[in-house]
Amino acid sequence: MTDTAPPPADSADAVFGAVSALCSDRGIAVARQDSPEASFLAVELKGATRGWRLFVHCRDDTLSLPTVFLAAPRGLLPHVGYSGGVCVNDGQGLSIDPDRREDIAAHTLLAAYELLERWSADEQVCRTEFLNELEGYWVGLPRAAHGQAFFEVDSKDRLISAYEDSRRNPPAWFFAERGARPREFDVAKLQALRALYVHLDELPGIPVHPEQLTHKFVDQVRGALSPAQKDLWRELVGPSKNGVRASALLVSVPRQAGGRSLVGVAFAAYKGEVDQRVPVMPLTARRRTSNHMRERGGASLQLSGKRVAVLGCGAVGSVVADTLAAAGVGQLTLVDADIYSEDNVFRHVLDPAYIGLPKTWGLKHQLERQYPGLTVDAVEVAAQTWLPRTSLADFDGIVLAFGAPSIERSFARAFRSQEHELPVVFTWLEALDLGGHSVLMWTHKPGCLDCLYRDDGGAPALHPRTSFLEANQHVTRNLTGCASVFVPYGALQARKTGLLAAEQMLEALYGSTIQRAYGYWVGNGIQAKAQGLHTTPWWTNAATTFSAIATERVFGRPCKRCRSET
Ligand SMILES: [Zn+2]
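Residues numbered from 1 in each chain as written. Predicted model: local features only at pLDDT ≥ 70, side-chain atom pairs only at ≥ 80, totals over all residues. Heavy atoms only, no water.

**Student:** Which residues make up the pattern of salt bridges, and what values go with them?
**Tutor:** One pass over the structure, following the stated rule, counts 19 salt bridges. Where Lys359 meets Asp338, a salt bridge forms, and the shortest distance between an N and an O atom there is 3.7 Å. Within this pair, whereas Lys359 is found in helix α9 (residues 359–370), its partner Asp338 is found in the loop between β15 (331–335) and α9, the two being separated by 21 residues in sequence. Under the relative-accessibility criterion, Lys359 is labelled buried at 6%. Residues joined in a network through salt bridges with shared partners are Arg409, Arg413, Asp450 and Arg561. (Salt bridge = Lys/Arg side-chain N within 4 Å of Asp/Glu carboxyl O. Helix = DSSP H or I, 4+ residues; strand = E, 2+ residues; numbered from the N terminus. Buried < 20%, exposed > 50% of the residue type's maximum accessible area, 1.4 Å probe, protein only.)

What follows is the structure in structure tokens.
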């Protein structure tokens, strides 16, 4: 112990002490420099080919990493913004001890140094990685305007439309296919500008600090266009009766890391040329396309070509439909003859605005809005009517969510008699908070819904062996008389059961080789107990039984419906 007080933990001195210690461990020469601001420490670290003059923020009290800047001149470096900010870490998976700010600042600074050394070691690698991060760089250009791209960034050169909403501050830009009317912005109230989208292998004329984006950038891009792209360019800027015409040019370049980077510029055209009297403005655009949102949101592009029918669109069926759509299934056929009513609201996914309308119709409108690229066929008839006039060959899977396994047995038999092989999931829940079930079968593989109706000796039974509730108990309730009888359960029960069914269907759609499965969840049964309901031994055991063992028990007995053919 010494009697001199240590420097305050948040000061540049303390951070420099930590930086010096790290540098000495790693054999890096470091020199402290004057910092224009007391809250920043300025240092120069010696690299393999050059010195790196870096600034690190020392009094950052946020729960993220402190900011590091690289002093000019910088050139174009990946992960370094136009203004010098170094993107050290995307912040994912970080755990920060706020009592060690000086160590955190020192580590961040050294991490920035290592990043810069790594990327600058090879010119080609450096350029490639810079283009991977091009959109991030473009966002940082002075006066950059932000927008949304409603067109697919697909390398197909074409004229598109640009809309500037200057009532918003800062002005918002929208880019869409010509003639398209995305409902996310008011096309009718905005002036459509002509815009051009082209794809290039390389982007010329990227401004390096302190240069700004000017008409020279547009000229350089123009010089790099192919003859066909030049024709489009002439169409874009062609002479106009109205004199000066506002335009936008959007360019995508390949990203070696996958996909394409998209950047743009707004400019004015006059007599077929870029009007040099009007400043140009950098444009960036977030993707508002179905493919991008699917990929970014964790939905599968692999599933976008799949079509699933959901028979029964009540509380459970609507959760199944919603979950399949969210997971990326591209086409749903929803079959239900019911009208959405006041009684459904709290356990159904539909908005009460749809009360009085067919459930399938409401789901079509709600889900198609929510999941771009989804197509829903709303079939407002009973499943018994729909099935005989339908070819299973049009589908990749079927989910039945009527909530009545005994009725669903007749469907299971009907599917077996059809030629087409596909996965079918049956799902239902039990009264109150007992739990729910989901059974996966394939139309031509061993294992069917009738398998559940066997006793231990293999003889046909009246009740499924999966029941949680002993037979012949009164579980329905009514609030307003006999006409409103319902099985009591809540949204939680409906959702857990619907998720179980959706999970089984998704697994099959992804190509799982599982031929049959019995899935279930077991509730705590507090409400059921309070009502004096008697549960089966299976309900008691289910919570501690593995699903694979339960599946073996359910399907492990002879069944003339599904095994006579093998
Ligand atoms: Zn069977």
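After that view, the rundown keeps rolling.
**Student:** An account of the sheet that holds strand β17 (residues 397–400) is requested, with residue identities and associated values reported.
**Tutor:** Each strand in a sheet pairs with another by means of backbone hydrogen bonds, the pair being arranged parallel or else antiparallel. Strand order in the open sheet formed by seven strands is β16-β15-β14-β17-β18-β19-β20, and the pairing between neighbours is mixed. The open sheet terminates on both sides in strands that have one partner only, identified here as β16 (375–379) and β20 (517–522). Adjacent strand axes in the sheet meet at a mean angle of 15° when their direction is disregarded. Sheet contacts for helix α12 (residues 491–509): β14 (307–311), β17, β18 (423–429), β19 (435–442) and β20; angle to β18, the most-contacted strand, approximately 170°. (Pairing = 2+ DSSP bridges. Axes fitted to C-alpha atoms, helices over the stretch in contact; angles between N-to-C directions. Contact = heavy atoms within 4.5 Å.)

**Student:** Pulling in residues and values, what's your account of empty space enclosed by the protein?
**Tutor:** Over the atoms rolls a probe the size of a water molecule, and its path tells where empty space is left. One pass over the structure, following the stated rule, counts one cavity of 30 Å³ or more. In this structure, the largest cavity spans a volume of roughly 50 Å³. Considering the residues around the largest cavity, the lining is formed by Ala72, Pro73, Arg74, Gly75, Gly81, Tyr82, Tyr137, Val208 and His209. Here the lining of the largest cavity is built from residues that sort into five nonpolar, three polar and one charged. (1 Å grid on protein atoms, 1.4 Å probe; cavity = no way out; pocket = protein on both sides within 12 Å on 5 of 7 lines; lining within 4 Å. Points joined across faces, edges and corners; volume = space filled by probe spheres on them. Nonpolar A, V, L, I, M, F, W, Y, C, P; charged D, E, K, R; others polar.)

**Student:** Outline the side chain of Asp450, listing residues and values.
**Tutor:** Take Asp450: it is sitting in the loop between β19 and α12. Residue classification places Asp450 among the buried residues on the basis of a relative accessible area of 2%. At a separation of 2.9 Å, a polar atom in the side chain of Asp450 contacts the side chain of Arg409. There is a polar contact of 2.9 Å between the side chain of Asp450 and the side chain of Arg413. For Asp450, the residues in contact, after removing those within four places along its chain, are Arg409, Arg413, Cys559 and Arg561. (Polar contact = N/O pair within 3.5 Å; in protein donor to acceptor, adjacent residues only side chain to side chain.)

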